Amino acid sequence: MTLNAFKDGQTILNQDNLNSLLALQPFQLIYEGTERDAKTGSGVSENSIANYSYCARFQLWESTTIGRVELHLDKDGAGADLVVQIRSGMDPANGDDGTLLKEVVVPKEFIPTTAAYCSIPIGLSGLTPDGVYFLTVTRAGDSTNNVSWVGEAAQDGSYPAYYRAGTSGAWTANNALHFRVLSGESGELVHSIYAGTGYTTVEYSGEIISKVYRYLPPADGPNGGIRDVMTYSWSGEYLRGGTL
């Protein structure tokens, strides 16, 4: 059974829902991993998702999995929830959105207010080694509360990116967008995906866990749900507590 957060008028208090809170949940752990492809740089151009949806092409070099991705993001005001997709067979210039392989919601509360790379759990397997895929974020927010995908001030033919105002039709070429794609079991634990719908993100200060982010959506969509940010306090190597 899929686990969801409770929501007034939506969640039935029956044995399935209540027992799921007591039962162990299936989970997947995601580590820092090895970089498979990336477009980074010194550019600081902000591409607001309040105005457009954006997508960027990458190649999954020497891997059949995507553990996580990092997007260079910046939040203004209260921000907006970010919907991140992995797509295959996409041809943006001709309006072909291909096949949706995975969609992850990043709560606005988790997005940094100063431009930084934000890690997003993906947990995809069975992909084509060296295959071509697309990262997509969908339009959301307004002129006051929004999120920008940071990138370069020029296009890059090796890492084409596109934008589109609507939900269908051809995309227009955009300047390069910053991202990293990673997979494999190496480095520190970064994410846990559990019960098919929820996930946690672990943030470190040096080798010490400093924050844990937890998201569990309600059954009727991404809005609301559990969006906790727990800050840990330490005394040397001893964990003393956590505050929300």
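Presented here is a report on the structure given in the accompanying data block. Values in this document were obtained by computation on a predicted structure and should not be read as measured data. (Residues numbered from 1 in each chain as written. Predicted model: local features only at pLDDT ≥ 70, side-chain atom pairs only at ≥ 80, totals over all residues. Heavy atoms only, no water.)

### Focus on the sheet that holds strand S16 (residues 208–216)
For step 1, the next point in the chain: Spatial ordering of the open sheet is given by S1-S14-S15-S16-S17-S18, a layout of six strands whose pairing is antiparallel. Two strands close off the open sheet at either side, each with one partner strand: strand S1 (27–31) and strand S18 (238–243). Going across the sheet, the axis of each strand differs from the next one's by a mean of 20 degrees, ignoring polarity.
For step 2, the next point in the chain: Relative to strand S14 (residues 189–194), S1 runs antiparallel, the two being bridged by five bridges. Opposite Ile-30, over in S14, you have His-191 as the bridge partner. (Pairing = 2+ DSSP bridges. Helix = DSSP H or I, 4+ residues; strand = E, 2+ residues; numbered from the N terminus. Axes fitted to C-alpha atoms, helices over the stretch in contact; angles between N-to-C directions.)

### Things to note about a nonpolar patch on the surface
For step 1, the next point in the chain: A grouping of Ile-208, Trp-234 and Leu-239 is seen on the molecular surface, where their side chains present a nonpolar patch of about 240 Å² in accessible area.
For step 2, the next point in the chain: Along the chain, Ile-208 turns up in strand S16.
For step 3, the next point in the chain: Residue Ile-208 is classed as partly exposed on the basis of its relative accessible area, which comes to 31%. (Patch = residues over 30% accessible without salt bridge, like charges linked within 9 Å, V, L, I, M, F, W, Y side chains within 5 Å. Areas by Shrake-Rupley, 256 points an atom, 1.4 Å probe, with all protein chains shown as cover. Salt bridge = Lys/Arg side-chain N within 4 Å of Asp/Glu carboxyl O. Buried < 20%, exposed > 50% of the residue type's maximum accessible area, 1.4 Å probe, protein only.)

### Points about the environment of Tyr-204
For step 1, the next point in the chain: Structurally, Tyr-204 can be placed in strand S15 (residues 198–205).
For step 2, the next point in the chain: By relative accessible area, which is 25% here, Tyr-204 ends up partly exposed.
For step 3, the next point in the chain: The sequence separation of Tyr-204 and Ala-93 amounts to 111 residues, and the corresponding C-alpha distance is 40 Å.
For step 4, the next point in the chain: When near neighbours in sequence (up to four residues on either side) are disregarded, Tyr-204 contacts Glu-188, Leu-189, Ile-209 and Ser-210.
For step 5, the next point in the chain: A polar atom in the side chain of Tyr-204 sits 2.6 Å from the backbone oxygen of Leu-189. (Contact = heavy atoms within 4.5 Å. Polar contact = N/O pair within 3.5 Å; in protein donor to acceptor, adjacent residues only side chain to side chain.)

### Some thoughts on the packing of aromatic side chains
For step 1, the next point in the chain: One pass over the structure, following the stated rule, counts eight aromatic pairs.
For step 2, the next point in the chain: Considering the side-chain rings of Tyr-54 and Tyr-163, the 6.5 Å spacing of their centres and the 45 degrees angle between planes classify their relative orientation as tilted. With Tyr-54 in strand S4 (residues 53–60) and Tyr-163 in strand S11 (residues 161–164), this pair connects stretches of sequence that are 109 residues apart.
For step 3, the next point in the chain: Since its relative accessible area comes to 23%, Tyr-163 is described here as partly exposed.
For step 4, the next point in the chain: Taken together, the ring pairs connect Phe-58, Tyr-133, Tyr-159 and Phe-179 into an aromatic cluster. (Phe/Tyr/Trp six-rings, centres within 6.5 Å; stacked < 30°, edge-to-face > 60°.)

### A short note on the side chain of Asn-174
For step 1, the next point in the chain: The residue Asn-174 is located in strand S12 (residues 172–174) in this model.
For step 2, the next point in the chain: When its relative accessible area of 11% is taken as the criterion, Asn-174 is described as buried.
For step 3, the next point in the chain: A polar contact of 3.4 Å, which involves the side chain of Asn-174, links it to the side chain of Asn-47.
For step 4, the next point in the chain: Apart from the residues lying within four places of it in its own chain, the contact partners of Asn-174 are Asn-47, Tyr-54, Gln-155, Ala-161, Tyr-162 and Tyr-163.

### Focus on the pairing of S4
For step 1, the next point in the chain: Along S4, six of the eight residues are buried, which leaves the element largely enclosed by surrounding structure.
For step 2, the next point in the chain: Sheet topology note: the S4/S11 ladder contains four bridges and is antiparallel. Bridge assignment links Ala-56 to a residue of S11, and that residue is Ala-161.
For step 3, the next point in the chain: Here S4 pairs with strand S9 (residues 131–137) via seven bridges, running antiparallel. By the bridge assignment for S9, Gln-59 is matched with Val-132.

### Some remarks on the pattern of salt bridges
For step 1, the next point in the chain: For the coordinates displayed, the defined rule picks out seven salt bridges.
For step 2, the next point in the chain: For Lys-39, the salt bridge goes to Asp-156, with nearest N and O atoms at 2.9 Å. Highlighted residues: Lys-39 in strand S2 (residues 34–39) and Asp-156 in the loop between strand S10 (146–151) and S11, separated in sequence by 117 residues.
For step 3, the next point in the chain: Owing to a relative accessible area of 21%, Asp-156 belongs among the partly exposed residues under this scheme.
For step 4, the next point in the chain: Notably, a salt bridge pairs Glu-70 with Arg-68, separated by 2.7 Å at the nearest N-O pair.
For step 5, the next point in the chain: Assessed through its relative accessible area of 11%, Glu-70 is described here as buried.

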